[in-house]
Structures are given as structure tokens and as C-alpha cells.
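Residue strings, one per chain:
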Amino acid sequence: MKVPVSWMSSYCDPGWEPEHLAERLAMTGTEVERVGIVGAPSAEGFVVGRVLAVEPHPDADRLSVCKLDAGEVERTIVCGAPNVAAGQLVAVALPGAVLPDGTKLKQAKLRGVVSDGMILSETELGIGDDADGIMVLDDPASSSGQPSTSPGSAGLARPGAAGPEPTPGDSLAELLPVSEPVLELAVTTNRPDCLSIYGVAREAHAISEAPLADPPWSEDAEAGGEGSVSDHASVSVEAPELCQRFTVRVFLDVEVGPSPAWLKSRLMAAGQRPINNVVDITNYVMLVTGQPLHAFDLEGVPDGELVVRRASEGEKMTTLDGVERSFDSETMLVCDREGPSSIAGIMGGQTSEVSDSTKRVLLEVATWDGVNILRSSRSLGLRSEASARFEKQLHPELTMRAQQLASRMLIDLCGARMVPGTIDVHEELPEPRKVTLRVARVKALVGMEIDADTCAARLERLGFGLERRGEEELVATVPPERDGDVTREADLIEEVARLADLDRTLPATLPAAGNRVGGLTREQGLRRLAEDVLRDLGGDEIISWSFTEPGLADGLRLPEGDRRRDVIAIANPLSADQSVMRTTLAGGLLDAARYNLSRGAERVALFESGRVYLRDGEPVVGSGPPGGEFSGRRPPPVLEPHRLGLLLSGAPQRAWRDAGPAPDFFVAKGILEALCGQLGAELQVEPAEEPFLHPGKSGRILIGELPAGWIGELHPLVARAWDLDAAAGFELDMGPVVTAAAYGEERYEDFTTYPPVNEDVAVVVPEGLPAAEVRAAVLEAGGALLHEAEIFDLYRGKQVGEGKSLALRLTYRASDRTLTEEEIAERRDAVRVAVEKIGGSLRE
Amino acid sequence: MVERIAEIRAEAEAAIAEASSTAELGELRVRFLGRGAELTLILRGIAELPAEQRGAVGKSGNQARGALEKLITDRGEELDASELERSVSEERVDVTLPGAPSPAVGHLHLITRTRRRIEDTMVGLGYRVMEGPEVELDHYNFTALNHPPGHPARMAQDSFYVAPGSVSAAALESAAVSLDEAVVLRTHTSPMQTRAMEAQGPPIFIVIPGKVYRRDSDATHSPMFHQVEGLAVGEGITLADLQGTLTEMLRAIFGEGREARMRPHYFPFTEPSVEFDVSCYRCEGGGKLADGSRCPLCKGVGWIEVGGAGMVDPNVFGFVEENGYPPDTTQGFAFGFGIERIAMLRHDVPDLRRFFDNDVRMLEQF
Ligand SMILES: [Zn+2]
């Protein structure tokens, strides 16, 4: 919403600089995006001049040489406009003035004649659209002339209108908004009243306490025609639930033409293009009152019959912008006997457009259902100044405000006669809303005392009717333009509080401590720990998009039926590559690896801690967010387990002494073991295939026996698809990890009283036997005394033939005694038997 | 004999004093104290001496031996130390070579660090951290936050909708919502307000960090970003308490001495509603830098916009009334803001999109 400051000030002038006004508005709830200037950057150098004489230019047919009185001295100005004539009062830019387009005016020689300034057209001033000739300020016949009838106190007042006749040399700014400060407001959806100049003036009044002029619509026009409006028009509303009120007036003998300069300049400053006086009046009245209105050429409405109804599916109409549009059955139309004439509350149609030949005007001012207008405007992809107001739900009371002001302007500015009467179709109109404010509640909610008199004064300035009920209660009657926003006591408290200069007066306190204790949940703490471990082991944390491309499933070679193909799809994605929710962290990690390696990184160790989105299924073990279970009465629509993913790729770390390892399966597994070790979660990896992993170098992660993800080297074909040489990584479900984690629950074990006994053994087993099975067999045979069996070496070679030799360090310990050599020998024999049972032997 | 012992001792003492290496000292030990050394032989031959000589010779011989042994040991330690000094002074490494690299330590994402900092601040103020679903029912994202269907504020947050049929019918059934109820990617962290109040009666003091989604993409909008929501509901909580809480929080994030300022605004789920700003930490809120130029960070305003807040709207309590939140007597405040914005302000990150490029040249800066 653009609010020209001089226009607003004609209703309420706080006497503030525009920047200060903007700041105070912003601090009381009306956001100001910027303070702009319409027209010239400054009014300096723009004056009123009187043309004294006009002579043809000696060397140019189209130019005239004019003598001007522009104050002080007589000036010679060369002018190219055909309409310049002696005696005219004109707008002049003197050398040094900066025009709206940024040109700085200089004395210039035009075909040998020195021109000491410039006589201006509307376009050159940026306040109108007439570029054909200069603006004549005092010519009653000219479009630029002042209106013959005085708008008086009813609010048509414009700068200079009430003052004395302008004289040459006066600053042009006294007469026209040469350099107009304009507030650009970002109006919130609850305040359609601030989509009106008078509404903003009321805010200025409420803030500054400067006087507020009576509303410009407070006086109605006098009918001048004969008969009755029903002789010219009829209205039938077939969908009253979507049209609370529909009012019509009819005007005869309308003289369509350009609007006067003051009107055009106000519209221009507010960002509206002037069209003709009738259309300009509808726009002007909308800007003043906040109530949109629509003028029909009555000739375009056969017999003046209007029908307000829902469109039939697929019905079509060409709107004023020349586009043919097709409607669904929820769109409201204003139709004539032959078909749609305008889209209700959004845009008019061509058949009844007001044109230069229009003589009879039907003025419609209606109240539409906001939800319906918003829906239709979105489904049509068509927003207008009108729909932007209607969608915020206007009050039916506003219609007559607009009718009254527009009627007077049509009579004053278009010489129209108003046919007596108003067609006014409506269901029962709502009674004014009354809301009670208990003054004590203000302090209870705001935390600051605001007394009853102050509350009352603030509400009255905002237009509320007030009735005191004892010392402690106010009954406020809500003005119609605020009806949708203020319905409860809390809303009144907001009105009172927002005018309290909160930035200066509100104390800063803290809620009573009570018996609350803040903190992270155990799950959150463990997740942080896990992230820290991955960081400490070299991982750079990434955050990749939660949405991905549907083709990722193919890229990862996921077979039909794989759960990860069962994606949550976005109905309205921004692009196809962000159109489904991820079911694995692998895609984001691979993309980030490729991104970095292709930009010069030699190696990457990336990890992500985030959710995947699964369509179905039980929450993964572990309650709370890691497992995807959230509080609330209604379960969430999809499953969102939290995962940790890691990907290593690129060249090994180089160094002058010991180079780092290549990023293979075991490096990834080392990190996984360290992670689970820190969290105290028991980890197992068993051989298993994943479509996107190397079939011989991949496995399934088990945490405390529960499946919890994959680990492995990337399948070479997948690596190739992501331009990677080789890569390894894992994806781990946090739910099982958190459930199994012993972190924080560890118990002290005595290690000093009875020291352990260590013994190294070498076990020769067949090549295909997994090391974990060997270790498990050894541990089982070692029984309670065997505390740990750690594999520390792997040997293949002649000495062990076809098999492999694993070296294990066995740690025996008992908590209550020193172990004897006999006890250990006994265990060693048991281990030997167990190893032989699985096809191996102890090497001596 | 006793004289001879004295001679030997004197000779040995001189030789030991002159010894210049531990090797030489070893030779002296053999020469004077070894098996064939004269002194050794004398002591061994004592038995064969006349009885009246035995005592004197034995005594002086043993004294000499003890003295020499001590001398050799002491001198040996001396020589050993000086030899070590000498050899150490000959060992040299190039101290300018880089150290043998320990495994590189990585980096948490700046968003994670910023989120944790905010969480920790709020934990210190007595808040618990909760998390909610990102794929959310329309009911929680809008309706229960006082955005009735068709409400214009719904459109202000351009939502991603989940394709019908993408969510299993069973899931919707268990949520007791109709199959045609919209499912959205949550547009804010606020839906968790209702979920949390459904799960727990008052008082409630929680923060809710997490990912949110809006259908918008440019240098200042990302379709996915992170928010933190705060909710405090309890007896007698006021707008002034919100002012105090925001001040404490913003000071913890932006430094002591910062101020919070509230500007009245509109949100459907708070009443009164405000936007809140922090006083500019570059120009100390004055709008001008030391050299008098306009502060580029706050653009001369002295304040930087941070987020939205307000007193929880009674209509929101209406949705959780049965869990101990009667709308006419319950009071509380809520606030929310973007984590990216905080991180951008604190660390001069110029473009929102940098957070999701995952470029290690950025990640490794933090
Ligand atoms: Zn600043």
C-alpha cells in the first residue's frame, strides 16, 4: 500500500518528517517497507509561471519562444508544445531543477535561442499521463483545471485548493505534489482498514493525537435525475452466502474525460495509472475508503439486469486486461442477461467497460466473501487491488461509504446526474460488535499498568465507540472497518498496548522460575555426542535438502519393492529435482562429495545428522524423535527416523612421513566402531548386500541385535555415476543406537585388586570364515573368565596354506581372585576345542 | 707395602682425573681394580704376609680400593653426562617440517553450532528442548494455530503440500483425520506448540528447533531452513516477561549490552503479536560507525530484525483446553525466529544458499 504523505496529511497532519512518521507507524504495528519519493527528487527549482507572450521560433516551425513571468525576472523559454498560449498559468522548471527522470536542467540554446528553463507537461512532472501538451494550471476548459465545484470539508481537499490564487514565482509544490514522499506499507492480513488512506490517517491520529478530519464520505450526494434507480437497473443475488451485500447506483449524462491534475497526481503517487475520470474516481474512492468499487457502462448491460451467481464450470469471460479466462464453479461472477460481465471482487470484463463514449454509469459496490475471493484469485492466478482488499473480508457497512463519496465525485467531476435511490441487496446486516475490556486484564496480560482513562482515549482515537461500566470496565463498540480483527478482550488489549510505545515503556521481566528445570533429553544429548565423535574423527557435517529427485532410486540401483522407493511426493514442488522426500541420506552425501571433489577438494569426509521420511511402518525402535515418534494426540502422518550418515572419498591424506589410509570399508568401520564405542552401543556388522554397495565389501549394521543400517564401499558403477573413484560410508539409525547406548549408565569395574592375565593366540581358520564368528567362538569357549578377545593381526601366506591366521589377544580376569595357571590352561584347551569345532586350529 | 699402596693410589687418582671418556675409564678400572691389577694382587696376597703387617696393609689396601671405586663411578657419571650432551648436540631434526598429521578433526555445520548455542541458552533459562514432525497435518500447522481454512495468513506462508496418496491411509486414520485433510511440510516450528500442550499440562517451558519449508527460493529465501520456536505457558506470564526473555536470549547470542525491542505486528496465533529486533552490535545501536558513516549492518536504523513473537492467542488454547489450558484464564508467550538469520548475522555469511551448498571451503571455516 502506497500512501502519499500529503494526501494522508489532508486528513490528519501530525507535522512530522516522513521518516519519523514511518518510524512511529512501524512501532505501533503498521510496517513501513520504505519511504520513497514520487516525482522529482526535490521540489527545488519548480515554480509557477505566467506566459506573457508567445512568438514563433525564427528557425524552427514547431517551437515557440515564450516570455514568462516566473517571479523575479522575466525569462525566455523555448517550448515545443502546441497548446502554449499567452496568459496561461504554467508549471516551470528552472535551470538547476532535477526532473523525475533524473535529468538536471541547464540553460540551453535551442536552434540559436537561449532557453532559460522548461515549461512542463504532466508526464515530465511525473504526476499524470498527458504528454501531448504542457499543463495549464488555470484553464477551466483544460483537463488540468481545478474542479468547478469545491469539494469542501468532505475530504476532496487537495494541496493548494483552498489557498489563494497562485501567483508567478510561487513554488510549484504549493499547488502540485512535485516531489511527494510516499510511505510504502506492508499491511498485515488483519488490517484491511490500513489499505486505505483514511485508515492510515486514523492510525496517525491515534499515534500523534493530531486532529483527524471527518471522513470524506460523511456527506451523501444529492440525486439530480428523475424516476428511480430501479427504472434503470435490477439486481438478483443467487448466492447470498458469498455476497453479503450488493449496492448499485446509476448516473446519467456522465461526461467521460481526463481527470483533473490533482486527482491524477494523487493516483500516480499512490501507484495507480490514471485512465479516465470515471475509472479514476472508482480507484480514488477505493484508496480513500478501502472499499473497492466497479463502474459499468450501462449500455453494456442489457436492460441493466445484473445477476450475481457462481460460474458454471468452464464458463469464460474476457477481463479488462484483454485475457480470456475460464472459471471453476466456485468463482463468483456478476453477469448480465447474456453472460459474465465481471469477476466478482477481482476484475471487470470488457463488455461493460467504461469508455469515452459512456453516458450512463452503473456503480457497483459490494461485499464479497473473503475466503472465496482469495480462493478464486489464487486459482485464476489473478490478483488485483480489489481482490487484495476483499480477500481480507470487508464489512458490509463500508459499501455505502464508497457509494456516497463516489457519487459526489461523479457529480462534481463528471457533471453526472444521480438517479434517485440505491439498489441495496443484502441479508440481515450484522449488529455492531461490542467487546468488554476489564482494565485489570491489561496489566495481567501486558505486565504494565495502563489506566482506564488511557485505555479509553486510545480506543476512541482508533474509532471505537466507548461506554464506561464502573471504574474497571469499558464496553467498546468496534468500528466496521475493524470488525474482523477485534472480536475479543485480548484484541482490545492489543489495541491499547500497541499505542503504548512498547519500545520505551515495557519493563523487561522474567517468568517466575517455578519448579521447572531446563535440559536436553537423553536422546538429544546422545545425538550431540554422536555428532561430536564424527566431527572429532574428521567428518565435516553437511545439511542437504530433505527433498530429492525421484530418479535417485534408480541412481542407487534400488530394486522394485525396495522400501526406499516408497517416497512421500510433494504435490507442488519448486522443481522436479526437489519433488520427493528423501528415504536415505546417501543421495545428499554423494551429491556433496561430487560437488566438493569436482571443485578441487582432494578428499572428503562428510557426515549428516538428519531425518529420512518413510511412508509406512512402525517407528524404529527407540521412542522420541530419534525413532520418529512425536508427542501430540494425533500421530504424525509419516515416519521420520533420525539417522547419521557418513561418506569418505578421495585420495588418502598425504604427509611427508606416514600417509593416511585409503577411504575403504575398514576406515569407515573404524569410525563406526569408535562412534558406537563412545556411545556404549554394542555393534555388529554382518555380511549383507546393498544395491548401491560393492557386493563383497558391504554389510548390515546390527546394534544390540537390531538392524540399524548399512556400511560398505560404494559399488563401482554407482561411484562412477557420481564421478567418484571410490568411496565408503555408512548410514545408521539413531533409534536403536540411543536405545542400546550405555553412555551415562556405565558402572565402575575394579581393575586393581586382581589384575588381568593377557595371552596372545594365533588361530588358523578357512578363508571364508568371518572373523567375527571366530571371535565369538573364542569368547564363548573362554567363558566368564575371558574378558576380551581382540583381533590384532591377520596373516595370509605359505605357513597357513589356503586359510588365514588371526592373532587374538585374550584377556582373562576374575573379579574375586588371581587366576591360576591351571585355570587359564583349562580355558585355553576349551578355546582350542571351540576353534577346531569351527574348522580351525590354534597355531603353536 | 703400605707405601706401594699409596703410590698406586696416587697414580690411579691422577689417571682417573685425566680420563677423557667412559671407555678410557673402563680401561683404568681394569688396570687398577681388575683381577690382575697390582692392588688386587696385594690384597689377595695378604694372607701370605707376616702377621704384624697384615693389618696395616689390609686396611690401607681396602681403603685405596674403596676410594678408587668411588672415584671411578663419580668420574664415570660425569663423563657419561658430558658424552650425552655431546651426542645430543649432534642430533638435529628440521623443526620447520610439518608435524606428523593426526587424523584431521572435522567441523560441525554452522547451523548445528548456532542451534546448539540457542538451545543451551534456553536450557539455561529453564526450557526443555522438544522436536516435532516435519511432515505435518494441516490441523497442527494451520488450524490449531488459529489459521482457519481459507485464512489469508495461510497463503502468506507458501506451503509445500504432500501429494494425496503419498501418505498411507492407515496413518491418516490413526491420526483421526479425514483422508482428504491436507498434509504439508511444516511452514514453521509452531505446530509443535499444540502437540506439546496436548502431551503436557501447564506450566510448560519449551523450545522447538527444526527444519521448516516454504515454497520460495532466492538469496534471502530457501525452500528449506531452520527455526527455533519458544513457548512459555504458566501462571501470570506477561508480555513484559517476553521482553525480558528475548533480552536475555539475544544477549546470550549477540553479546552483553544488547537490547531487545518489540514492534506490534500480526500473527494469527498470538495476540498481542510483535516482531522483535536486537540492537545493532556493530554500531552499538546508534546507526553510525565510528567514522560517522552509516552502519551497513542495520542500514542506519540501529536495530536488526530477528523474529516474531506474542502472547499465545486464546483460540490456540481452545484447541488444548481439555488438557488444562482454559482459554479465558491461561496465559503464555511464544516466539520464533530463523537459525540461518542468526548465523548470517553472527558470522557475516552473505547468502542464505551458502548453508546448503555443503562446500567444504565453507564448512571448514567454522
Ligand atoms: Zn548498526
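Residues numbered from 1 in each chain as written. Chains lettered and ligands numbered in written order. Predicted model: local features only at pLDDT ≥ 70, side-chain atom pairs only at ≥ 80, totals over all residues. Heavy atoms only, no water.

Q: What am I meant to see in the sheet that holds strand S2 (residues 31-39) of chain A here?
A: Across a sheet, paired strands are connected by hydrogen bonds in the backbone, their directions being either parallel or antiparallel. Residues and elements named next belong to chain A. If you trace the three strands from one edge of the open sheet to the other, you get S1-S10-S2, paired in antiparallel fashion. Of all strands in the sheet, those bounded by a partner on one side alone are strand S1 (2-4) and S2. In this sheet, adjacent strand axes meet at a mean angle of 30 degrees when their direction is disregarded. For S1 and strand S10 (residues 179-186), the ladder comprises three bridges, and the chain directions are antiparallel. (Pairing = 2+ DSSP bridges. Helix = DSSP H or I, 4+ residues; strand = E, 2+ residues; numbered from the N terminus. Axes fitted to C-alpha atoms, helices over the stretch in contact; angles between N-to-C directions.)

Q: Explain helix H17 (residues 665-679) of chain A to me, please; I cannot follow it from the model alone.
A: Since the α-helix turns once every 3.6 residues, residues separated by three or four places project in the same direction. Its 15 residues place the ends of H17 of chain A 21 Å apart at the C-alpha level, agreeing with the 21 Å of an ideal helix rising 1.5 Å per residue. Where H17 of chain A starts, the residue carrying a side-chain oxygen 3.1 Å from the main-chain nitrogen of phenylalanine 666 of chain A turns out to be aspartate 664 of chain A. (Expected span 1.5 Å × (residues − 1). Polar contact = N/O pair within 3.5 Å; in protein donor to acceptor, adjacent residues only side chain to side chain.)

Q: Honestly, empty space enclosed by the protein in this entry has me stumped. Any pointers?
A: Summary: where empty space remains is shown by rolling a probe the size of a single water molecule over the atoms. Under the criterion given, the structure shown has five cavities of 30 Å³ or more. Space inside the largest cavity adds up to approximately 370 Å³. In terms of lining, the largest cavity is formed by 24 residues, of which the most central are Arg527, Ser609 and His642 of chain A together with Arg115 and Glu131 of chain B. Of all the secondary-structure elements, those providing two or more residues to the lining of the largest cavity are helix H14 (522-536) and strand S29 (603-611) of chain A together with helix H5 (110-124) and strand S4 (204-213) of chain B. Among the residues making up the lining of the largest cavity, the classes are represented as five nonpolar, seven polar and 12 charged. (1 Å grid on protein atoms, 1.4 Å probe; cavity = no way out; pocket = protein on both sides within 12 Å on 5 of 7 lines; lining within 4 Å. Points joined across faces, edges and corners; volume = space filled by probe spheres on them. Nonpolar A, V, L, I, M, F, W, Y, C, P; charged D, E, K, R; others polar.)

Q: What am I meant to see in the coordination of the zinc ion here?
A: Around a metal, the ideal angle is 109.5 degrees if four donors adopt a tetrahedral arrangement and 90 or 180 degrees if six donors adopt an octahedral arrangement. All names here are of chain B. Protein coordination of the zinc ion is provided by Cys280 (SG), Cys283 (SG), Cys295 (SG) and Cys298 (SG), with donor distances spanning 2.2 to 2.3 Å. Taken together, the four donor atoms coordinating the zinc ion span angles of 105 to 115 degrees at the metal, a pattern that classifies the geometry as tetrahedral. Site description for the zinc ion: donor spacing in sequence, C-x2-C-x11-C-x2-C. Note that cysteine 283 is positioned in the loop between strand S7 (270-279) and strand S8 (303-312) and cysteine 298 in the loop between S7 and S8, a separation of 15 residues in sequence. For the pair shown, cysteine 283 and cysteine 298 are each scored as buried. (Donors = N, O, S within 2.8 Å, 3.2 Å for Na, K, Ca; no water. Tetrahedral: all angles 85-135°; square planar, octahedral: opposite > 155°, others 65-115°. Buried < 20%, exposed > 50% of the residue type's maximum accessible area, 1.4 Å probe, protein only.)

Q: I would appreciate a short explanation of the layout of surface pockets in the present structure.
A: Residue and element names in this part refer to chain A. Quantified by volume, the second largest pocket comes out at close to 1800 Å³. If you go around the second largest pocket, you meet 41 residues; those closest to its centre are Lys669, Glu673, Val685, Ala771 and Ala772. Among the secondary structure elements, those contributing two or more residues to the lining of the second largest pocket are H17, strand S31 (683-687), strand S32 (693-703), helix H20 (771-782), strand S36 (786-795) and strand S37 (804-812). The class makeup of the residues in the lining of the second largest pocket is 20 nonpolar, seven polar and 14 charged.

Q: Before we go on, may I ask you to explain the interface of chain A and chain B in this structure?
A: One widely used convention gives an interface's size as the accessible area the parts lose upon coming together. Contact with chain A, which involves 93 residues of that partner, is made by 110 residues of chain B. Of the roughly 8500 Å² buried between chain A and chain B, counting both surfaces, carbon and sulfur atoms make up 56%. Among the residues chain A hides against chain B, the three largest losses belong to Ile543, Arg634 and Pro637 of chain A. Together they make up 9% of the total. On the surface where chain A and chain B come into contact, there are 10 salt bridges. Close ionic contact of arginine 633 of chain A with glutamate 198 of chain B constitutes a salt bridge, the shortest N to O distance being 3.9 Å. Where chain A touches chain B, the interface holds 55 residue pairs in polar contact (both at pLDDT 80 or more). A per-element tally of the side of chain A that touches chain B places H14 of chain A first, with seven residues. Per-class residue counts for the side of chain A that touches chain B are 44 nonpolar, 20 polar and 29 charged. (Contact = heavy atoms within 4.5 Å. Buried area = accessible area lost by both parts, 1.4 Å probe. Salt bridge = Lys/Arg side-chain N within 4 Å of Asp/Glu carboxyl O.)

Q: Please clarify how the environment of aspartate 760 of chain A should be interpreted in this entry.
A: All names here are of chain A. Structurally, aspartate 760 is set in strand S35 (residues 757-765). Overall, aspartate 760 belongs to the partly exposed group, its relative accessible area being 42%. Distance in space between the C-alpha atoms of aspartate 760 and proline 166 is 111 Å, their sequence separation being 594 residues. Non-local contacts of aspartate 760, meaning those with residues more than four positions away in its chain, are made with Phe792, Leu808 and Arg809. Here arginine 809 takes part through its side chain, which lies 2.9 Å from a polar atom of the side chain of aspartate 760.

Q: What is the right way to read the pairing of strand S5 (residues 74-79) of chain A from this model?
A: When a strand is regular, its side chains alternate between the sheet's two faces. Residues and elements named next belong to chain A. As defined by bridge partners, strand S4 (residues 60-69) adjoins S5 across six bridges and the pair is classed as antiparallel. Across the sheet, residue lysine 67 finds its bridge partner in S5, namely threonine 76. Adjacent in sequence and paired antiparallel, S4 and S5 are bridged by four residues, among which glycine 71 carries a positive phi angle near 80 degrees.

Q: Explanation requested: the confidence of the model for chain A in the structure shown.
A: In low-pLDDT segments, the atomic positions of the prediction should not be examined closely. On average, residues of chain A score 90 in pLDDT, and 96% of them are at 70 or above. Considering only residues more than four positions removed or in separate chains, one finds that residues 140-163 of chain A, a stretch of pLDDT under 50, has 51 contacts. (pLDDT = per-residue confidence, 0-100.)

Q: Quick question: what am I supposed to make of the domain arrangement of chain B here?
A: Examined at the domain level, chain B breaks down into domain 1 (2-90), domain 2 (110-133 + 188-363) and domain 3 (135-185). A straight line from the C-alpha centre of domain 1 of chain B to that of domain 2 of chain B covers 87 Å. (Domains from an automatic or database assignment.)

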